[in-house]
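Architecture at a glance
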Amino acid sequence: MIMISTNMRTNNFQYIVREAKETDAKDLSAIRVQIDGETEYLDREKGESYIDESEFKQLIRDDHNSERNLFLVVQVNTRIVGFSRCEGTTLKRLSHKVQFGVGVLRDYWGYGIGTALLKESLLWADIHGIKKVTLSVLETNEKAIHLYKNHGFEVEGILKQDKLLSDGNYYNTVVMGRFMK
């Protein structure tokens, strides 16, 4: 297990990207609900598929003990403001890849926090010999699609009319993958 902890600085504040700890579980439970309520780019609406503190503790424990999972958080001062996960599997036919997901509180958008989480995750994947990182992103999230393409991801497919948003319209999901160099 490689321990990840990186200090970063923006013009406004300093933050740390580090591996999640069990003591983060309570904050992660609340932050996940808040992030889900701040954007329609994610799959869940606020409060859906709720994960409580004890479930987050178990998830963090499981991820820490897995060579194919990585759970990162971003901390500003003592507050967690974002997180990401890479989730793999032990199934032999799929063990070469992980799925990446990220969430950052809206007040912290535009400071490079999502980019920092992505870079640390890709570095971890490369060090661990993971051949493919996958993700899915809503077609309207052009900023994220641009970021992913700049980090070696390519569009692998489109899931048509995949998500129904609050405006009553269906939107496509873009499936992307990055292959180890």
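Scanning the model with the defined rule gives 7 salt bridges in all. The network of salt bridges with common partners includes Asp 63, Arg 85 and Glu 87.

With 12 residues, helix α2 (residues 53-64) should reach 16 Å at 1.5 Å per residue; the first-to-last C-alpha distance of 16 Å fits that figure. Buried residues of α2: Phe 56, Ile 60 and Asp 63, and no others. What you see down the axis of α2 is that its buried residues fit within an arc of 65 degrees, all on one side. Summarising the contacts, the buried residues of α2 are in contact with α1 (25-38), β3 (70-76) and β4 (79-87).

What follows covers the pairing of β4. The buried fraction of β4 is high, at 7 of 9 residues. Judged from the 7 bridges that link them, β3 and β4 form a sheet pairing that is antiparallel. Looking across to β4, one finds that Val 76 is bridged to Arg 79. What sits between β3 and β4 in their antiparallel hairpin is a turn of 2 residues, with Asn 77 showing a positive phi close to 55 degrees. In this structure, β4 lies alongside strand β5 (residues 97-104), joined through 6 bridges in antiparallel fashion. Residue pairing for β5: Cys 86 is matched across the bridge by Phe 100.

Looking at where Lys 132 falls in the secondary structure, it is placed in strand β6 (residues 132-138). We classify Lys 132 as buried; its relative accessible area is 14%. For Lys 132, the side chain forms a polar contact with the side chain of Glu 156, separated by 3.0 Å. Not counting residues within four places of it along the chain, the set of residues in contact with Lys 132 comprises His 96, Lys 97, Val 98, Glu 156, Gly 177, Arg 178 and Phe 179.

Bringing the layout of surface pockets into the picture now. Taken as a whole, the largest pocket spans an internal volume of roughly 1,200 Å³. Lining the largest pocket are 41 residues, with Leu 42, Gly 101, Val 102, Gly 103 and Tyr 148 sitting closest to its centre. Among the secondary structure elements, those contributing two or more residues to the lining of the largest pocket are α1, α2, β4, β5, α3 (113-127), β6 and α4 (142-150). Looking at which element gives the most residues to the lining of the largest pocket, the answer is β5, with 6 residues. Tallied by class, the residues present in the lining of the largest pocket amount to 21 nonpolar, 11 polar and 9 charged.

Cut-off values and rules
Residues numbered from 1 in each chain as written. Predicted model: local features only at pLDDT ≥ 70, side-chain atom pairs only at ≥ 80, totals over all residues. Heavy atoms only, no water. Salt bridge = Lys/Arg side-chain N within 4 Å of Asp/Glu carboxyl O. Helix = DSSP H or I, 4+ residues; strand = E, 2+ residues; numbered from the N terminus. Expected span 1.5 Å × (residues − 1). Buried < 20%, exposed > 50% of the residue type's maximum accessible area, 1.4 Å probe, protein only. Arc of directions from axis to C-beta. Contact = heavy atoms within 4.5 Å. Pairing = 2+ DSSP bridges. Polar contact = N/O pair within 3.5 Å; in protein donor to acceptor, adjacent residues only side chain to side chain. 1 Å grid on protein atoms, 1.4 Å probe; cavity = no way out; pocket = protein on both sides within 12 Å on 5 of 7 lines; lining within 4 Å. Points joined across faces, edges and corners; volume = space filled by probe spheres on them. Nonpolar A, V, L, I, M, F, W, Y, C, P; charged D, E, K, R; others polar.

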